[in-house]
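Remarks on the overall topology
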Amino acid sequence: MVKLEEVPVDQFEDNVEDIVSEDDSDYTDDDDDFDDDEDESLLDRIAALKEIIPLKQRNRLYSGAQTLTSWGKTGATFVGKSAWVLTTSMLLLVLPLALEIEKEQALVAYEQEAMQQQGAQQQMMSPGMYQPGQVPQQQPQQQK
């Protein structure tokens, strides 16, 4: 049970005057009062949220974060392994094929160039060609 005691008004007013008149320098508008908050780190503030958020919601958030992390790790592993398979396949299968196709194209270009040079030499050596200093001969026309 609570015991109530009556305080006379005179005594109350005396106590209030003593408290107010003591040291007014403690009550300033400086920013020094806010320096206490800067000592608290972000980790301390997050730890303080533990008291605000109920246990059931914290467990739900933790479970969701764990699931998200697990999916992220699985996805990153899959992407890495797939990139490895594709890269090695390209190096072992496609690169030699591309090199052979390039060799074949170079060989075809070389053969075409050789044929053109041979054709040019035959035209220069064939009789009946117009040579400098001579009048061109007319070929006999075929009768129909």
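For clarity, every value in this text was computed on a predicted model and none was experimentally measured. (Residues numbered from 1 in each chain as written. Predicted model: local features only at pLDDT ≥ 70, side-chain atom pairs only at ≥ 80, totals over all residues. Heavy atoms only, no water.)

**Structural notes on the overall build of the chain**
The helix and strand inventory of the chain stands at four helices and zero strands. Taken from N to C terminus, the helices and strands of the chain fall in the order α-α-α-α. Within the span of the chain, comprising 144 residues, buried residues form 0% of the whole. Only carbon and sulfur atoms are counted for the fraction: they give 58% of the accessible area of the chain, which is about 14900 Å². (Helix = DSSP H or I, 4+ residues; strand = E, 2+ residues; numbered from the N terminus. Buried < 20%, exposed > 50% of the residue type's maximum accessible area, 1.4 Å probe, protein only. Areas by Shrake-Rupley, 256 points an atom, 1.4 Å probe, with all protein chains shown as cover.)

**Topic: a nonpolar patch on the surface**
A cluster of nonpolar side chains, namely M90, L91, L92, L93, V94, L95 and L99, defines an oily patch on the protein surface of about 710 Å² accessible area. Turning to its location among the elements, L99 is positioned in helix α4 (residues 55-125). Taking the relative accessible area as the measure of exposure, L99 reaches 45% and is therefore partly exposed. (Patch = residues over 30% accessible without salt bridge, like charges linked within 9 Å, V, L, I, M, F, W, Y side chains within 5 Å. Salt bridge = Lys/Arg side-chain N within 4 Å of Asp/Glu carboxyl O.)

**As for the confidence of the model for the chain**
A residue-level look at the chain finds 69% of positions with pLDDT of 70 or above and a mean pLDDT of 80. Across the chain, α4 holds the top mean pLDDT of 94, while helix α2 (residues 35-38) sits lowest at 57. (pLDDT = per-residue confidence, 0-100.)

**With respect to the pattern of salt bridges**
Considering all chains together, one arrives at two salt bridges under this definition. Between E40 and R45 there is a salt bridge, and its shortest N-O distance comes to 3.7 Å. Take E40: its relative accessible area is 35%, and that puts it in the partly exposed class. R45 gets classed as partly exposed once you look at its relative accessible area, which sits at 43%. One salt bridge connects K103 with E100, and the closest N-O pair in it is separated by 3.7 Å. Highlighted residues: K103 and E100, both in helix α4, separated by three residues, approximately one helical turn. Classification of E100 as partly exposed rests on a relative accessible area of 47%.

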